[in-house]
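Single-letter residue listing:
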Amino acid sequence: MTKPHKEVVVSGMRPTGKLHLGHFFGVLKNWRELQKNYICYFFVADWHSLTTEYAQTEVIQKSITDIVIDWLAAGINPDQAVLFVQSQVPEHAELHLLLSMITPLSWLERVPSYKELKQENKIKDLSTYGFLGYPLLQTSDVAIYKAKHIPVGQDQVAHIELAREIIRRFAHLYSTNILLEPRALLTQGAKILGTDGRKMSKSYDNCVYLSDSVETAHKKFMAYITDPQRMRRQDPGNPDVCPIYGFHQLVTPLGQVEEINKGCRSAAIGCVDCKKNLLTHLNASLEEFRDKRKALEKNPKVVYDILKEGSLKASKVAAATLREVRSAMGMEGYASK
Ligand code: TRP
Ligand code: SF4
């Protein structure tokens, strides 16, 4: 396939549960555009989940299939992007090991997400070697495909910065440019708010999941918070602070969105009608997704085959980079003789 850009895009998602509308309108919409224009590798970062879920690994295995079904149903296309599971491409682990030799401990210890998560987690023991190495594993994930652009959220920027520093150190130590310094490609666009008005997130228990039935989604939307200042039907509302309006901006035709904006501010429309109207448009935008999802659920073999093929493709590229890295480090061994 010919792509306008030869540059490589890599992104991973940790399998820690089902995907929700935030993933659909945030991440997956963006991936769908990128796959048309770039050489894309999208993978399930199961080893990254293992750094925190090592004591209960069942959730990881179950989420892998669920997540990839969501990707495919959302239009991530295995003919346009390489889809795989991280642990099926063990080359990532060898690069992680090699890079670990040149990574100063202090660089890992000062990563903000490391400090925060370790303090927050009183239940799990995160004082592990694996968890400290989380961003280094992420560095290997992107370096092994010589990725240039990494579509991630704001919370991942420090990890990409670290990747750049490690790759720069590699270049300096071994006088080579074989590994590319990646850049974070910030996923912009509307923040998707959950039923309680906070950012939609599994940890807040405020999600509408992609696997929710039409009925379940309907119930959740009817219970959604709107403009908290709008107590009675006759009170004017402020769409700018209302999560429902945020969704209208994503799925409702522009002319109607403007009417809703005015109608809300003048109290001409009520929240119940506004939500019902939203559900009509939301269901229309999700119809194709839901149909595809149902079909894939019944036929997981299709998903496994796509992942197997993706791992093979990824492995080939990863192995080639590893050969270059070993050689740059003077570690080819006798096998190449
Ligand atoms: N750390 C990322 C997250 O939590 C997931 C991830 C792992 C990733 N490896 C990656 C993202 C490589 C981009 C590139 O969201
Ligand atoms: Fe939100 Fe619509 Fe109610 Fe306005 S009318 S507060 S946009 S749900």
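These numbers were taken from a predicted model, which means no experiment stands behind them.

Definitions and cut-offs
Residues numbered from 1 in each chain as written. Chains lettered and ligands numbered in written order. Predicted model: local features only at pLDDT ≥ 70, side-chain atom pairs only at ≥ 80, totals over all residues. Heavy atoms only, no water. Domains from an automatic or database assignment. Contact = heavy atoms within 4.5 Å. Salt bridge = Lys/Arg side-chain N within 4 Å of Asp/Glu carboxyl O. Polar contact = N/O pair within 3.5 Å; in protein donor to acceptor, adjacent residues only side chain to side chain. Helix = DSSP H or I, 4+ residues; strand = E, 2+ residues; numbered from the N terminus. Nonpolar A, V, L, I, M, F, W, Y, C, P; charged D, E, K, R; others polar. Near = heavy atom within 4 Å. Buried < 20%, exposed > 50% of the residue type's maximum accessible area, 1.4 Å probe, protein only. Phe/Tyr/Trp six-rings, centres within 6.5 Å; stacked < 30°, edge-to-face > 60°. Lys NZ or Arg CZ within 6 Å of the ring centre and 35° of its normal. Areas by Shrake-Rupley, 256 points an atom, 1.4 Å probe, with all protein chains shown as cover. Core = buried A, V, L, I, M, F, W, Y, C linked by side-chain atoms within 4.5 Å.

1. A word on the domain arrangement of the protein
Reasoning step 1: Per the domain assignment, the segments of the protein are domain 1 (8-191 + 300-336) and domain 2 (212-295).
Reasoning step 2: With 11 residues of domain 1 at the contact, the number on the domain 2 side is nine residues.
Reasoning step 3: For the pair domain 1 and domain 2, the number of links is two salt bridges.
Reasoning step 4: In this structure, the connection of domain 1 to domain 2 is made through one residue pair in polar contact (both at pLDDT 80 or more).
Reasoning step 5: Take the side of domain 1 that touches domain 2: its biggest share by element is five residues, from helix H3 (residues 58-73).
Reasoning step 6: Looking at the side of domain 1 that touches domain 2 residue by residue, the classes come out as seven nonpolar, one polar and three charged.

2. Description of the site of ligand 2
Reasoning step 1: Around ligand 2, the neighbouring residues are Thr226, Asp227, Arg230, Cys242, Ile244, Tyr245, Cys264, Cys271 and Cys274.
Reasoning step 2: Mapped by element, the contributors of at least two residues to the shell around ligand 2 are helix H11 (243-251) and helix H13 (271-298).
Reasoning step 3: Grouping the amino acids of the shell around ligand 2 by side-chain chemistry returns six nonpolar, one polar and two charged.

3. Section: the environment of His172
Reasoning step 1: Structurally, His172 can be placed in helix H9 (residues 157-174).
Reasoning step 2: With a relative accessible area of 66%, His172 lands in the exposed category.
Reasoning step 3: Taking the C-alpha atoms as reference, His172 lies 21 Å from Gly133; in sequence the two are 39 residues apart.

4. Some points on the packing of aromatic side chains
Reasoning step 1: Enumeration according to the criterion identifies 12 aromatic pairs in this entry.
Reasoning step 2: An angle of 70° between the planes, with centres 5.1 Å apart, marks the rings of Trp31 and Trp71 as edge-to-face. With Trp31 in helix H1 (residues 21-37) and Trp71 in helix H3, this pair connects stretches of sequence that are 40 residues apart.
Reasoning step 3: With centroids separated by 6.5 Å and ring planes inclined at 70°, the aromatic side chains of Phe131 and Tyr134 adopt a geometry described as edge-to-face. The residues Phe131 and Tyr134 share a single accessibility class, namely buried.
Reasoning step 4: The rings of Tyr41, Phe43, Phe84 and Tyr145 are connected pair by pair, giving a single aromatic cluster.
Reasoning step 5: The aromatic ring of Phe24 is capped on one face by Arg32, whose charged end is 6.0 Å from the ring centroid.
Reasoning step 6: One residue, Arg198, lies across the ring of Tyr204, its end atom 3.9 Å from the ring centre.

5. Describing the site of ligand 1
Reasoning step 1: The environment of ligand 1 is formed by 13 residues, the closest being Arg14, Tyr134, Gln138, Asp141 and Gln156.
Reasoning step 2: Arg14 places a polar side-chain atom, nitrogen or oxygen, 3.1 Å from an oxygen atom of ligand 1.
Reasoning step 3: For ligand 1, whose free accessible area comes to 360 Å², the fraction covered by protein is 92%.
Reasoning step 4: Looking at the shell around ligand 1, the elements with two or more residues in it are strand S1 (8-13), helix H8 (134-143) and strand S4 (149-152).
Reasoning step 5: The element that contributes the greatest number of residues to the shell around ligand 1 is H8, accounting for four residues.
Reasoning step 6: The residue makeup of the shell around ligand 1, split by class, is six nonpolar, five polar and two charged.

6. Description of the nonpolar core
Reasoning step 1: Formed by 52 residues in total, the largest nonpolar core has its most connected members in Leu21, Phe42, Trp71 and Phe221.
Reasoning step 2: With eight residues, the single largest contributor to this core is H3.
Reasoning step 3: Two domains each provide a minimum of three residues to this core, namely domain 1 (8-191 + 300-336) and domain 2 (212-295).
Reasoning step 4: Excluding anything up to four places from it in sequence, Leu21 contacts Gly26, Ile192, Met200, Val208, Leu210, Phe221, Phe247, Leu282 and Leu286.

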